[in-house]
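The residues making up each chain are set out below.
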Amino acid sequence: MLGTGAYARVYKGTWENTTVAIKLFKRSKRLSTSFYEFRHEITIQNALNHPNIAKIFGFSLNPLALVLEFIPCGTLREFLEESQTIKTKLKLRIAKDLAKALNFMHQLSPPMAHLDIKSPNILLCDGWITSEDLPVVKLIDFGCAQPILSPLSNFSVDNPTWASPEMIAAKPLTEKADVYSFGLVLWELVTHLVPFQEYSFFIEIANAVTEGKRPTIDPSSCHPLFREIIIICWDQEPSKRPAFPQILSKLHQIQALEEP
Ligand SMILES: Nc1ncnc2c1ncn2[C@@H]1O[C@H](COP(=O)(O)OP(=O)(O)O)[C@@H](O)[C@H]1O
Ligand SMILES: [Mg+2]
């Protein structure tokens, strides 16, 4: 088994002589609910063709399973837990890859919001050490993704750790919810920690985020521009959060300053 989430167990398998990941959906109490979630995820992921997004190869109806591109090096969460330090250059590559995937999704018409951006849904590829052109990370898990034709209401949150204040408050939301979560992933890249670990219960996280509380960033732990990006991304007010073209240009700026 490769991993498990709230909705599925994921196994390594073979399909037409290729190693693949098989996402086997857990049975929900009502079979129709799991089928609906399954169909939704296939339709969305199948339409997303980008080097930083895991591809979907096929599916099975009995059992309900997706056949996905196998991404071999574990989740970003595991990587951050296993490594003491990660070079700034690599952190910038990871941040840029994720920003590129989200920029692609948000520039579709209508914009596609992922709505479950977090380090366990970001996987590490191989081969990138030797080639600057290969992707370092790919985004997975499109089970919550939604097209944003107009602000979405009735979105329910299972785990508030990476959820934006408007998501937690069940207010209408847009793709700017992804920008908030992206800010938290950047904070994870700096600290290697899971956000809001100081709280024991989800309700405490939900209350803190609603009140505008955010994790702290030691100014000496990252480039001042990187800190600046994190802080604007997790702004309480969604319209004040930047869009991904602006985030990407700031990341390029830091990269240019870091390179000799
Ligand atoms: N394409 C893949 N390649 C390798 N591992 C994967 C892949 N997809 C998922 N996984 C592993 O399975 C876990 C759960 O998958 P995910 O799609 O996030 O399920 P859920 O919808 O239940 O959260 C991931 O965190 C990861 O460890
Ligand atoms: Mg997941």
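Because the structure is a prediction, the values reported are computed rather than measured.

(A) Broad picture of the nonpolar core. Formed by 61 residues in total, the largest nonpolar core has its most connected members in Ala 95, Leu 98, Phe 182, Val 185, Leu 186 and Cys 233. A domain split of this core shows at least three residues from each of domain 1 (3-69) and domain 2 (76-258). Here Leu 98 is in contact with Ile 122, Val 137, Leu 139, Phe 182 and Val 185, once residues within four sequence places are set aside.

(B) Quick look at the pairing of strand β4 (residues 56-60). Examined bridge by bridge, β4 and strand β5 (residues 65-69) share 4 bridges and lie antiparallel to one another. Within the sheet, the bridge partner assigned to Phe 59 lies in β5 and is Leu 66. Counted between consecutive antiparallel strands, the loop separating β4 from β5 contains 4 residues.

(C) Main features of the site of ligand 1. What surrounds ligand 1 is a group of 22 residues, the closest being Gly 3, Gly 5, Val 10, Ala 21 and Asp 141. Looking at the shell around ligand 1, the elements with two or more residues in it are β1 (3-4), β2 (8-15), β3 (18-25) and β5. Among the residues making up the shell around ligand 1, the classes are represented as 13 nonpolar, 6 polar and 3 charged. Two domains each put at least three residues into the shell around ligand 1: domain 1 (3-69) and domain 2 (76-258).

(D) Examining the domain arrangement of the protein chain more closely. Looking at the assigned domains, one finds that the protein chain contains domain 1 (3-69) and domain 2 (76-258). For domain 1 and domain 2, the distance between their C-alpha centres works out to 23 Å. In this assembly, 13 residues from domain 1 lie in contact with 17 residues from domain 2.

(E) Seen up close, unusual backbone geometry. Cis geometry marks the peptide bond from Asn 62 to Pro 63; its omega dihedral reads 5 degrees. Here Pro 63 lies in the loop between β4 and β5. In the segment running from Ser 109 into Pro 110, the intervening peptide bond is cis, with an omega of -5 degrees. Structurally, Pro 110 can be placed in the loop between α3 (88-106) and β6 (112-113).

(F) Molecular detail of the sheet that holds β3. Overall, antiparallel pairing links the 5 strands, which are arranged β1-β2-β3-β5-β4 in an open sheet. The open sheet terminates on both sides in strands that have one partner only, identified here as β1 and β4. Bridging between β2 and β3 involves 8 bridges; their strand directions are antiparallel. Across the sheet, the residue bridging to Trp 15 is Thr 18, located in β3.

(G) The pairing of β2, seen in detail. Where β1 and β2 come together, 2 bridges link them in antiparallel fashion. Bridging from a neighbouring strand, Gly 3 pairs with Val 10 of β2. Counting the residues that bridge the hairpin from β1 to β2 gives 3 residues. Count of turn residues in the β2/β3 antiparallel hairpin: 2 residues, of which Glu 16 carries a positive phi of about 50 degrees.

(H) Molecular detail of helix α7 (residues 224-233). Of all the positions in α7, only Phe 226, Ile 229, Ile 230 and Cys 233 are classed as buried. Buried residues of α7 fall within an arc of 100 degrees about the axis and therefore sit on the same side. In the core, the buried residues of α7 are packed alongside α5 (176-191) and α8 (244-258).

Rules of the game
- Residues numbered from 1 in each chain as written.
- Chains lettered and ligands numbered in written order.
- Predicted model: local features only at pLDDT ≥ 70, side-chain atom pairs only at ≥ 80, totals over all residues.
- Core = buried A, V, L, I, M, F, W, Y, C linked by C-beta atoms within 7 Å.
- Buried ≥ 20, exposed ≤ 12 C-beta atoms within 10 Å, placed from the backbone.
- Domains from an automatic or database assignment.
- Contact = placed C-beta atoms within 7 Å.
- Pairing = 2+ DSSP bridges.
- Helix = DSSP H or I, 4+ residues; strand = E, 2+ residues; numbered from the N terminus.
- Near = placed C-beta within 6 Å.
- Nonpolar A, V, L, I, M, F, W, Y, C, P; charged D, E, K, R; others polar.
- Arc of directions from axis to C-beta.

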